[in-house]
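Spelled out from the first residue to the last, the chains are:
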Amino acid sequence: MSLDPTLAAKVGTLTPPSQDSAVRTIGRGLETAPILRQGLGVTWLFAAAGAAGRVVVPILIQQAIDRGIVDGQGGMEVRMDVIVQMALLGAVAVIVSGWAFRQASLRLGERSERALHDLRVRLIGHIHQLSLADHNDERRGGLVARVTSDIETLARFFQWGGLAWLVDGTLMVIVAGVMLAYDWVLALVAFAVAIPLLFVLRAVQSRLLVAYDRARANNGQSLGAIAELVSGGPTVRAYGAGETMAQQVEESVEITAASQIRAALIGAFLFPSGEVFSAFTVSAVVGVGVWRGPESGLTAGALVGFVFLTYRFLEPIAEFTEVLDTTQMAVAGLRRVLSVLDMPIGPPQPDNPIPLPVGKLQIDIREVTFAYRSRSDGEADAAVLKNIDVTIPPGQQVAMVGATGSGKTTLGRLIARLADPTFGEIDLGGVPLRRVDRSELRTRLIVVSQEPFLFDDTVAANIAFADERADQRDVERVVDDLGVRDWIDTLPHGLATSVGERGDQLSAGERQLVALLRAGLADPDILILDEATSSVDALTEVRIARALERLAASRTTIAIAHRLSTAARADRVLVLDHGRLVQDGHHDDLIAQDGPYRTLYDAWVSATTV
Amino acid sequence: MQPIDANTEGPAAPALGVLERTRRNARFIVEMVKVHPKLFAVAVSGAAVFALLTVASSFAIGRVIDRVILPRFDEDGVATSTVFTELGLVIGIGVLRAVAIVIRRSFASITMWRVAQTFTNRVVQRYVVQPVSWHNRRADGDLVQRAGVDAEATVSVLAPIPFASGTIVMLVASTVWMLLIDVPLGLVAVVVFPLVLSTNVVYEKSVSKHFTRAQDQLGEFSAGVHESFEGVQLVKSYGAEERETERLAGLADRVRGSRVQAVRLRSWFEALLDVIPSLTNILLVVIGALRVRSGDVTIGEFSSVIFLFTLLVFPLRLIGYTLSELPRSMAAWQRIRVVLDEPIEPDPAERIGVAADGLGVEFLGVSFAHEGDGPSTVKDVDLAVQRGSVTALVGPTGSGKSTLAQLAAGLIGPRSGEVRLAPGARSIVFQEAFLSSGTVRDNVELGTSYSDDEIWDALGQAAATEFVQRLPQQLDTVVGERGVSLSGGQRQRLALARALVRRPSLLVLDDTTSALDPGTEALILDRLRARLGGSTVLMVASRPSTIALADDVVFVADGRIAAHGTHDQLLATTSEYRELVEAFESDRDRNTDLPVDLARGPVGS
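Residues numbered from 1 in each chain as written. Chains lettered and ligands numbered in written order. Predicted model: local features only at pLDDT ≥ 70, side-chain atom pairs only at ≥ 80, totals over all residues.

Novice: Any chance you could break down the overall build of chain A for me, citing the residues and the numbers?
Specialist: A count of helices and strands for chain A gives 20 helices and 12 strands. Here chain A, with 610 residues, has 49% of them falling under the buried criterion. (Helix = DSSP H or I, 4+ residues; strand = E, 2+ residues; numbered from the N terminus. Buried ≥ 20, exposed ≤ 12 C-beta atoms within 10 Å, placed from the backbone.)

Printed below as a string of structure tokens:
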């Protein structure tokens, strides 16, 4: 495997979003999910009682050898009464501790699952409330991962590691206690030989983690290469590039396999180191024990018991190291989860909302500047909107035009308060948007995206999304109001037709119709239309135009226009360029001026004539 | 898209007898092992040696007790040399055991990853040789999963198999050894081993059922979260944040419910698996004491039996785990097998004939259906396109114009009839430009080599010179997912350059120019006409500006060619064509996005 080491190190390192220490992160985690802390003491007591069961057998053997089998006259005498008595006692202890162990793992399991569920819900609620500025495409995958895979690292920890932390620590203390009680010198010998194991394991462990990270990163690249080969299928075939692409995939799969094997080889040395240490520790204990002999007060039974106890003492150390991996991943996952909860939520709900006036609403946009915040450090990007100042009187039909990146979509979002301006203010009916109650705003103003999002559900359910109180009759009514009954009738199951994932069972135009019906059901005063760029067949086009006309009638409409014909029909056209409002007026007037709109229009006319 | 799933004989089919299931599992394992039999053999040998050494280590502990500890404490003492010999034996066996573990684990992992690698490569090889028609019937995500995740899941059972087989050696050796020491003590082992083993198997099976369900529910939850975040603007627009959170909370709660059920079961079994060996050990102490009294065993032997039993608890548990992993691996394996076992479909490009003189594209009675027995989407089409002409394919959505384009490019083959082309290279450019995550050069070359001059020349024809020159490393700039992100129009121009650098005699544009503004579109077509000479251009057109650039128009309706002639001829003769164009004209820019940069005006104007 020939990888640039610095590059590999970069790929292999996870950059934590916050620099909180593990302890502090865990502390904050417990604060966030208080249910975990409740009754933790009792759980721990159960775990301790469960752990205690594991020293029953070594003690029994010691007792059997020292008290049950004694030197009698002319040979060995076995006192069965003592042995049976102790065995019964041991059996009871084992059963009780087994039950306690069960209680501990049940309590921890139930509580952790409840805590993780609560954490998921809190996280979802928080993410839904984040500003749209935090919801760009690059971030979406990350946000989904916070709720799913990051919480899963915690779930894995609770399933496999949480109990081990409770039991193993206690077990080591109990075993150490029994050892010290038998013979403190031997106990210290055992500790002295066994403790270095911790450091060995720790060292191997940290290398292992790096190797795992690298393997994971390489694996991601391999999957990416495969995905590319598959998604580019037609192109790859058309240009006969299959073998070249397959070659690239094979190379990246080779790198992945090599790094996975490397991680596995490091792992192969982790487990047996415990084995070697056990052998050495047992030998050291027996050696020292034999050297000191019965003169020191040590008994044969205690020494044999020590042999067993040594193994019991080392077991948890080995288990610990396996658990450490899951623990570190869980802490990293928790850290990422908390960092999302730390993100300030989007346009906050006002403390003392001012009700909007009844009737039609004027929109005042005053010196608005806006910059997205896409960096994780919270630094703002370059401004998307610069000093926009405009008033839209009630009932006006406005078209905003401009190239991709001109800021017209962003301005639409600000008017809908999907984000707040960085500077400046927008008033609705004389009330600052920041002071309007969110749910009231959502009933008065609706954004209709013409490349709309549809849930994997029926047409009716997608329309009814606008209003949770809407019933079938309301949906039927809006279908008639917007004059699209003829379309609904062409669907295989009418309104009950499933739209498929993201609505992919419908054509782009049909999805737009659903979005318009949805807005119709909401019946807002102000409509913000984000026009589509995708091509639509002629018949659907007619239906969309009809529905749109009925929907826009008697409402203030702001169209984020991708088509100049929309602009031509509007009462007023706002031309945006690189975040600035460069022209404002009626289509006819703007064409008469020598400006950007005119240039645009001329080019369009010459290019679109057959 | 239909997922390929011929997996009717599910791995967990309850109707199958135990024998048949075992046979199937064995076949599956043999199938994997025979990819790298030597590596696997080393791993199994390591495990077997480890198993024997485990028995030996308890034997050594027994000797230490009998020959060192008891003589020192109960009798006159012990020779120093004996102490060193016996402890040396303990250490020696311990070290050897560790070596055996390293060998077993290393080789088991190497086997596993190498087998996974082999499977991935085999599957990917299939993807490369199967034609577009095969790919069209399958979802991309599904194919990626089969090559990646499924290959990994298939082999995941391979790593614990050496250990599990070693454990069986260990059980047999331990039982024999215990019976040799003492028949009553050995009998306890004979009874308890199967008991622990079967408890484990029952446990793994019943718990994994809940975990599997939880996993499925987690999948649904994740999909729900993804959907909800993807539609977040809609959710916010309608103030539905709380409603959505509540809906997802319901999905999350189902995951929790299943997991809690698993936890309840697991907590019982875990406790049981802790208690059974401990109780057995206590029983062994009692029986052992009796046997010591009767003089049949020594204290050392009796201790070493108990010691051995302690060592066996963990390996016994791993067998249960391996068995529970088998169905999952088997399911993944079936999914891979479906891909590997499917016959390779013939390459449609090989069936393309030579067109008559003067013709660039010739269709003779061509029909096509996406499904083998499904309805035809192209019906008995006869078409002759003049060599060197630019022809637009026009028609309503779903009329079959893209299918005609793909037939002409040789990406899909006709069900009946014949496609004939003028000799020479063919290039096709799709509506969605595909860029691989390499450099500009890689993307233009895509599997072939061209000189810098040729590449720049092609970029020039595709009106891409200017933006490529502005890229940080020009031709060597990495683009795509891991590099500089390009706009739709820029991607499209690179895809065009890729097509043009091959100097094709037929250039098929499948609604390619819709991502370009009309000015650039016209510019590119002009350059094409000037340079291509005898090359034929066939382009799917969905907007008037594209039609305007063509010599001839082929009007497609319902899988047939309804009319073929110049735009003006069709306007005069074909009412449906007229209606379609009028629909465009009534709002003629309906499908036209604005030029990229307002300030600079449209490119090429």
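Novice: How would you sum up the overall build of chain B? Please name residues and give values.
Specialist: Secondary structure assignment for chain B yields 20 helices and 10 strands. Out of the 605 residues belonging to chain B, those deemed buried represent 49%. The contacts in chain B between residues at least 6 apart in sequence include a share of 79% that link residues at least 24 apart. (Contact = placed C-beta atoms within 7 Å.)

Novice: Go over unusual backbone geometry with me, naming the residues and quoting the values.
Specialist: Residues and elements named next belong to chain A. In this structure, Asn387 is a non-glycine residue whose phi angle is positive, near 50°. Within the fold, Asn387 resides in strand 4 (residues 383-392). Residue classification places Asn387 among the partly exposed positions, given that 14 C-beta atoms sit within 10 Å. With a phi close to 50°, Arg417 is a non-glycine residue in the positive phi region. A residue is classified by how many C-beta atoms lie within 10 Å of it, and Arg417, with 22 of them, is buried.

Novice: Which residues make up helix 14 (residues 452-461) of chain B, and what values go with them?
Specialist: At 3.6 residues per turn, the α-helix brings residues three or four places apart onto the same side. Of all the residues in helix 14 of chain B, the buried ones are Ile455(B), Trp456(B), Ala458(B), Leu459(B) and Gln461(B). Looking one or two residues past helix 14 of chain B, Ala463(B) carries a phi angle of roughly 55°, positive in sign.

Novice: So what's going on with the nonpolar core? Which residues, and what values?
Specialist: Core analysis: the biggest nonpolar cluster contains 358 residues, and Met400(A), Ile463(A), Ile69(B), Val285(B) and Leu393(B) have the highest contact counts within it. Top element by residues in this core is helix 3 (residues 80-129) of chain B. It accounts for 20 residues. Not counting the four nearest positions on each side in its chain, Val285(B) is found in contact with Leu60(A), Ile61(A), Ala64(A), Ile83(A), Ala87(A) and Ile306(B). (Core = buried A, V, L, I, M, F, W, Y, C linked by C-beta atoms within 7 Å.)

Novice: An account of the interface of chain B and chain A is needed here, citing residue identities and associated values.
Specialist: At the junction of the two partners, chain B supplies 131 residues and chain A supplies 138 residues. The element that contributes the greatest number of residues to the side of chain B that touches chain A is helix 10 (residues 241-293) of chain B, accounting for 29 residues.

Novice: I'd love a proper account of the sheet that holds strand 5 (residues 397-401) of chain A, names of residues and values included.
Specialist: All names here are of chain A. Strand order in the open sheet formed by six strands is 8-9-10-5-11-12, and the pairing between neighbours is mixed. Strands at the two margins of the open sheet, each flanked by one partner only, are strand 8 (445-449) and strand 12 (580-585). Here the average twist between neighbouring strands, direction ignored, is 20°. Looking at chain direction, strand 5 and strand 11 (residues 572-577) are connected through four bridges and run parallel. Its bridge partner lying in strand 11, Met400 is registered against Leu574. Along the sheet, helix 11 (residues 408-415) contacts strand 5, strand 8, strand 9 (526-530), strand 10 (556-560) and strand 11; its crossing angle with strand 10, the most-contacted strand, is approximately 150°. Strands in contact with helix 16 (residues 508-522) are strand 8 and strand 9; relative to strand 8, the strand with the most contacts, it is inclined by about 175°. (Pairing = 2+ DSSP bridges. Axes fitted to C-alpha atoms, helices over the stretch in contact; angles between N-to-C directions.)

Novice: Lay out the environment of Arg335(A) in plain terms, naming residues and giving numbers.
Specialist: Residue and element names in this part refer to chain A. Looking at the element boundaries, Arg335 is found in helix 10 (residues 300-342). Given 23 C-beta atoms within 10 Å, Arg335 falls into the buried group. Expressed as a C-alpha distance, the spacing of Arg335 and Phe101, which sit 234 residues apart in the sequence, is 30 Å.

Novice: Which residues make up the sheet that holds strand 6 (residues 423-428) of chain A, and what are the values?
Specialist: All names here are of chain A. The four strands are arranged 4-3-6-7 in an open sheet whose pairing can be described as antiparallel. Among the strands making up the open sheet, the edge pair consists of strand 4 and strand 7 (431-432). Pairing of strand 3 (residues 363-371) with strand 4 involves six bridges; the strand directions are antiparallel. Of the residues in strand 4, the one forming a bridge with Phe370 is Leu385.

Novice: Outline the confidence of the model for chain A, listing residues and values.
Specialist: Taken residue by residue, chain A gives an average pLDDT of 81. The fraction at 70 or more is 89%. This model gives residues 1-17 of chain A a pLDDT under 50, and the stretch forms 20 contacts once residues within four places in sequence are excluded. (pLDDT = per-residue confidence, 0-100.)

Novice: Now, about the packing of helix 7 (residues 184-231) of chain A against helix 9 (residues 242-292) of chain A: what can you tell me, with residues and values included?
Specialist: All names here are of chain A. One way to put it is that helix 7 packs onto helix 9 with a least axis distance of 8 Å and a crossing angle of 170°. The angle between the axes of helix 7 and helix 9 places the two elements in the roughly antiparallel class. Among the residues forming the contact of helix 7 with helix 9, the class breakdown is 30 nonpolar, 15 polar and three charged. (Parallel < 35°, antiparallel > 145°, perpendicular 65-115°, else oblique. Nonpolar A, V, L, I, M, F, W, Y, C, P; charged D, E, K, R; others polar.)

Novice: Before we move on, could you go through the environment of Arg493(B) and cite the residues and values that matter?
Specialist: All names here are of chain B. Counting through the fold element by element, Arg493 comes out in helix 16 (residues 488-500). When the 29 C-beta atoms within 10 Å are taken as the criterion, Arg493 is described as buried. A sequence separation of 30 residues divides Arg493 from Ala463, and the C-alpha atoms of the two residues are 6.8 Å apart. Leave out the neighbours within four places in its chain, and Arg493 touches Ala462, Ala463 and Ala464.

Novice: Pulling in residues and values, what's your account of the pairing of strand 7 (residues 506-510) of chain B?
Specialist: All names here are of chain B. Buried residues dominate strand 7, accounting for five of its five residues. Side chains Leu506, Val508 and Asp510 project from strand 7 onto one buried face, and the interleaved Leu507 and Leu509 project onto a second face that is buried too. Pairing of strand 6 (residues 426-429) with strand 7 involves four bridges; the strand directions are parallel. Within strand 7, the position partnered with Ser427 by the bridge is Leu507.

Novice: Mind laying out the confidence of the model for chain B, listing which residues take part and the relevant values?
Specialist: Residue and element names in this part refer to chain B. Averaged over all residues, the pLDDT of chain B equals 79, while 88% of them reach at least 70. Scored below 50 in pLDDT, residues 1-14 makes 15 contacts in the model with residues more than four places away or belonging to other chains. Below pLDDT 50 for its whole length, residues 587-605 participates in 61 contacts with residues either more than four positions away or in separate chains.

Novice: Got a sec to walk through the environment of Leu324(A)? Specific residues and values, please.
Specialist: Residue and element names in this part refer to chain A. Its location among the elements puts Leu324 in helix 10. Looking at Leu324, the number of C-beta atoms within 10 Å reads 19, which means it is partly exposed. Sequence-wise, Leu324 and Leu527 are 203 residues apart; in three dimensions their C-alpha atoms are separated by 55 Å.

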